[in-house]
Amino acid sequence: MADQNTQETQEMERSDEEEEEEEEDSESDDSEEEEPKLKYERVGNDLSDILRKDAASCMAVHEKFLALGTHWGMVHVLDHQGNRISSKEYAVHQTTVNQISLDQNGDNMASCSDDGKVAVHGLYSTDDNILMTYDCPIKAVALEPNFSRHNSGKMYVTGGDKLILHEKGWLSRYKTNELHKGEGPIRVIKWRGPFIAWANDMGVKMYDTSSKKRITYIARDNTHLRPELYRCNMCWKDDTTLLIGWGDSIKICKVKERDPHDVRDLPNRYVEITAMFKLDFYVCGIAPLGDQLVVLAHVLEENEDGTQTSARPQLRILEPHMDTHDEISSDALSIRGFQEYRCNDYHLEYIEEDRQFFIVAPKDIVLAKLRDQDDHISWLMEHDMFEEALLAAEASEQSLKRHNVMEIGMTYINFLREEGQYDKAAEMCVKILGKNKELWEQEVFKFLKDKQLKAISPFIPRGDVRLKPAFYELVLNEFLLTDHEGFHQLIKDWSPDLYNIQVIINAVQTKLEMDPQNKVLLRSLAELHTYDKRYDKALAIYLKLGHEDVFPLIHKHNLFSSIQDKIVMLMDFDTERAVRLLIDNLERIPIEKVVHQLEPRPKLLYLYLDTLFQKDPHIGQDFHALQVKLYAEFDRARLLPFLRSSNYYPLQKALEECQQRNFIPEMVFLLGRMGNTKQALHLITEELQDVDKAIEFAKEHDDEELWEDLISSSMDKPAFITGLLQNIGTHVDPIILIKRIPEGLEIPGLRDSLVKILQDFNLQISLREGCKKILVSDCYTLMSRLNRQQKRGLRVEESDRCESCSGPVIVDDSRSASNISVFYCHHVFHQDCLPYNTETCTLCNAQRRRPGSAGIFRK
């Protein structure tokens, strides 16, 4: 039976797919398919055998079972999968079963038929079984919702040409109450709580069993439709809301309490229509879905000859408003034989708690359910929306039954590979495969088969999870054959622990045999030798290439001993970095060894020694004499600063070097340092002819004879005289210079020079006066401070003794008290113990200590 049910469900799905394809062909290509709200499955098993021989006429559903009525008058009790429940089959009717009603607990069932019979069966007890026969067809029946309760009145209501309420009374006899008649056959009854709603050909009416009054009448709108062909479909949404679908209109009715202060003789409840709207189809059934409505629609299609035929029935979800509605979804159903069915051949029953909807046709019953998260994910995957499916699965992974994140992710990766999106597929592997080593190895192998190892190489795990070395070697070999730059980058990025280094070295060497000058492969080979701790081979390759990794390699692996015979090569490769390397590692590479190797290359030697001198002027003192020659040859601008800073070169040799090149400023400095200031001044005045420099030189040495020589040598140089007049005012008396100027000698700017001398003199006078005022002010301030301090009192303690007689200076008896003298040295005396009219401490005088003024304080 289960296999049969599965087969029928698959047939229905195939039919649905065929219909969807037809609909898609009729729609524009750019329209996007919306996800359905419901999923469908055909109820089969024993039900299929029943419908193969008979035809369904009505059905009632409960969360425990289904009750199916047929046109042959049978009532079958089945589970939700369509399997018979043993001994639950009733053959009490001779013709079509019109309606079946169940009580709230599902313990009792009532059925009626055109043969006039009404049967009430206890499904678990026969105590309340009833069989009544009427003289007219009974179209509708309804059990009291609480029929199975012991304190219930065991009420039920039947509808033929009258609406009759049956209630169990004295001695278990039933009494009847005629609620309505005279308006044609009653075709449907729905009972919930205290309210009984029924429909006849005129409209819908409602009876309140608590007040025993009819509380409303809702007229039928579609009077042009034959009621026997387009019946009224009703259901209770809740205890006070009635849904009515009749013909091509829907009404939503709400039972409300009337104002208790209303004095009119009216029922205490009334019904208000809260929504009412027209449809473009005919209603075969109606059910609630939260605030929405589920409506079974019968649609007619126009044929080419102008006739109409039945189309597939549709299950639509509507969002109701006051006078209109929004269609949320619409699904065409693959019902067997739908072409032959009319509106009244269909029924819609629902289980409110499970939100399950049963579409009943004479030869078919289809179950509609709300789609769960598994269904949502399945739909997304069917429409190649894998990213959305993954997000949905991750958000509700605990509630999934048919799917899981891994399965969805693997499907997505396979889809991306099939679509040729290898980069994205590789990126998804990180998220999906996580730390699963086996799955990673499988995926790498699949990428290998597709010749797309380069795509997955950035994402292969290299941390806590590691694959077998062969997989990393496969990737490296792929890059070695197709992308040398990429291969080199992988060698730099990947840990050498991931693969067999010697295997990759052999592969690179084989490749280099065909292209020995390939710099990228040579760099890669150097990296591999470094990983293999063959640093000498790596260094040789780097030096051959002139590659910048030479220096990091030396530092990282402490290869200073290996480069002591390669200093010139390093300097030729990158002078600046080589010099920095040598200077920073003087204890490993001695200065003497570097100088010895660089002697044939004086330019490189100069750069090395110059940098060494800048780092520490004393550390290379043994080579300062050599540096004089190097500065003179390669950078004269730095020679004089070097001569001024260093004290470790021979002055005579440096002077000879400068004399050979006629470096006058340097010679002046060296002569001055050697004490030959007259010759130095002579060079300035005769060779440089720079009066300012001559004056600066004379000021620097501050020698009267030097000034005399400068003045004497300037007497035939008016420009020198002008310079001297303007600058020597503070060092030499200008009168001396002025008196020695030859008469009649024309001196440019003489007046200005004399004015400057006078200004300088006035400035000196002003400075002296200012200094004198400051000195006087300071003396006065300090004297005032001393005076204030000496006027202060001095503290005398009771323990103090006279320094002369050693007697106490403070006594309690005023008759024996004596004046005391306290000096600033803090020595205390009785005044009687001191020589007359003394103002100095005799003790300090005896010790030849004079701690300041001898002022005293007497008491």
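Figured I'd write up the structure that's included with this text. (Residues numbered from 1 in each chain as written. Predicted model: local features only at pLDDT ≥ 70, side-chain atom pairs only at ≥ 80, totals over all residues. Heavy atoms only, no water.)

**Focus: the environment of Arg42**
1) Next: Tracing the backbone through its elements, the reader meets Arg42 in strand β1 (residues 38–42).
2) Next: The exposure class assigned to Arg42 is buried, which follows from its relative accessible area of 4%.
3) Next: It is 7.7 Å that separates the C-alpha atoms of Arg42 and Asp364, two residues lying 322 residues apart in sequence. (Helix = DSSP H or I, 4+ residues; strand = E, 2+ residues; numbered from the N terminus. Buried < 20%, exposed > 50% of the residue type's maximum accessible area, 1.4 Å probe, protein only.)

**Describing the packing of aromatic side chains**
1) Next: Tallying each qualifying case throughout the model produces 16 aromatic pairs.
2) Next: Taking 5.7 Å as the distance between ring centres and 65° as the angle between the ring planes, the aromatic pair formed by Tyr156 and Tyr174 counts as edge-to-face. Residue Tyr156 is found in strand β11 (residues 156–159), and its partner Tyr174 is found in strand β13 (residues 174–181); the two are separated by 18 residues along the sequence.
3) Next: With centroids separated by 4.9 Å and ring planes inclined at 40°, the aromatic side chains of Phe386 and Phe415 adopt a geometry described as tilted. Of this pair, Phe386 sits in helix α4 (residues 386–395) while Phe415 sits in helix α5 (residues 405–418), placing them 29 residues apart in sequence. As far as burial versus exposure is concerned, Phe386 and Phe415 are alike and both buried.
4) Next: Taken together, the ring pairs in this structure connect Tyr606, Phe613, Tyr631, Phe634, Phe642 and Tyr649 into an aromatic cluster.
5) Next: Between Lys154 and the ring centre of Phe147, over which it is positioned, the NZ or CZ distance is 5.4 Å.
6) Next: The ring of Phe663 carries the charged tip of Arg636 above its face, separated from the ring centre by 4.2 Å. (Phe/Tyr/Trp six-rings, centres within 6.5 Å; stacked < 30°, edge-to-face > 60°. Lys NZ or Arg CZ within 6 Å of the ring centre and 35° of its normal.)

**Concerning the sheet that holds β1**
1) Next: With antiparallel pairing, the four strands of this open sheet are ordered in space as β1-β30-β29-β28. Strands with a single pairing partner mark the edges of an open sheet, and in this sheet they are β1 and β28 (347–351). The average angle at which neighbouring strand axes cross in this sheet is 25°, direction not considered.
2) Next: As paired strands, β28 and strand β29 (residues 356–361) are joined by five bridges and run antiparallel to one another. Bridge pairing links Glu349 to Phe358 in β29. (Pairing = 2+ DSSP bridges. Axes fitted to C-alpha atoms, helices over the stretch in contact; angles between N-to-C directions.)

**With respect to the pairing of strand β4 (residues 75–78)**
1) Next: The side-chain alternation of β4 yields two buried faces, one formed by Val75 and Val77 and the other by His76 and Leu78.
2) Next: Relative to β4, strand β3 (residues 66–70) runs antiparallel, the two sharing four bridges. In the sheet register, Leu66 faces β4, and the bridge partner there is Leu78.
3) Next: Two successive antiparallel strands, β3 and β4, enclose a turn made up of four residues, where Gly73 displays a positive phi of approximately 85°.
4) Next: When β4 meets strand β5 (residues 84–90), the two strands line up antiparallel, connected through three bridges. The residue bridging Leu78 from the neighbouring strand is Arg84, located in β5.
5) Next: Adjacent in sequence and paired antiparallel, β4 and β5 are bridged by five residues, among which Gly82 carries a positive phi angle near 95°.

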